[in-house]
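Topology and contacts: notes
So the chains spell out like this:
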Amino acid sequence: MENTEWGWSDRLKLSYGPMDETHVEFVTLCAALGKGSPDTFIERLDALIAHSVEHFEQENRWMEETNFPPVGCHKQEHDSVLEIMREVRSRYLAGETDLGQKLAEELPHWFEHHVDTMDNMLARFMIAWNKEPAPASAAGQTPA
Ligand SMILES: [Fe+2]
Ligand SMILES: [Fe+2]
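Presented here is an overview of the structure given in this document. Note that the structure is a prediction, hence the values are computed from the model and not measured. (Residues numbered from 1 in each chain as written. Chains lettered and ligands numbered in written order. Predicted model: local features only at pLDDT ≥ 70, side-chain atom pairs only at ≥ 80, totals over all residues. Heavy atoms only, no water.)

Okay, unusual backbone geometry next. Trans peptide bonds make up the majority, and among non-glycine residues the majority have a negative phi. The residue Ser15 is not glycine, and still its phi comes out positive at about 60°. Counting through the fold element by element, Ser15 comes out in the segment before helix 1 (17-33). The backbone of Asn67 sits at a positive phi, close to 55°, despite the residue not being glycine. With respect to the helices, strands and loops of the structure, Asn67 is situated in the loop between helix 2 (41-66) and helix 3 (71-93). (Helix = DSSP H or I, 4+ residues; strand = E, 2+ residues; numbered from the N terminus.)

This is how it looks when you write it as structure tokens:
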């Protein structure tokens, strides 16, 4: 059992600046979800959802712009977690307030796993791409 407070650490760093900056913000909002009064839970959840929409769109855009191969898989993880956040929001408002704490406990695990797998792969790809961008038309084309 861990009792230390969850927050940003080097363990989450992927050394791709634009992604790390966004992830620091996610971690701050996500950690705030489990703290504070139940009266402000929806406010804190809304802030996290608004951030996540932008965060995931940014990564989805990077994947589309670079023809990142596992785009489907990664995008699907984004969509699923957003769906869960929205579902918890509506069930919380309908009286299932215990789900709020559950989400606050589960999201850090989801995020760590997502960072270790999907985001890690994308960060490595983006670093390589920025050093040596492949021509946008290269995918699936044979030279004339
Ligand atoms: Fe991310
Ligand atoms: Fe991601």
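Moving on to the pattern of salt bridges. Counted by the stated rule, this structure contains 7 salt bridges. Glu5 serves as the salt-bridge partner of Lys35, at 3.4 Å between the closest nitrogen and oxygen. Of the two residues, Lys35 is situated in the loop between helix 1 and helix 2 and Glu5 in the segment before helix 1; the sequence distance between them amounts to 30 residues. Judged by relative accessible area, Glu5 falls into the exposed class, the value being 65%. Between Glu106 and Lys102 there is a salt bridge, with the nearest N and O atoms lying 3.8 Å from each other. Linking Glu106 with Lys102, this pair stays in helix 4 (residues 98-131), spanning 4 residues, or about one helical turn. Overall, the relative accessible area of 41% leaves Glu106 in the partly exposed class. The structure contains a network of salt bridges with shared partners spanning Arg11, Glu112 and Asp116. (Salt bridge = Lys/Arg side-chain N within 4 Å of Asp/Glu carboxyl O. Buried < 20%, exposed > 50% of the residue type's maximum accessible area, 1.4 Å probe, protein only.)

This brings us to the nonpolar core. Core analysis: the biggest nonpolar cluster contains 34 residues, and Leu33, Met85, Leu107 and Phe111 have the highest contact counts within it. Of all elements in the fold, only helix 1, helix 2, helix 3 and helix 4 reach the threshold of two or more residues within this core. Residue contributions to this core peak at 10 residues, all from helix 4. Setting aside its immediate chain neighbours within four residues, Met85 contacts Phe26, Leu45, Leu48, Ile49, Ser52, Leu103 and Leu107. (Core = buried A, V, L, I, M, F, W, Y, C linked by side-chain atoms within 4.5 Å. Contact = heavy atoms within 4.5 Å.)

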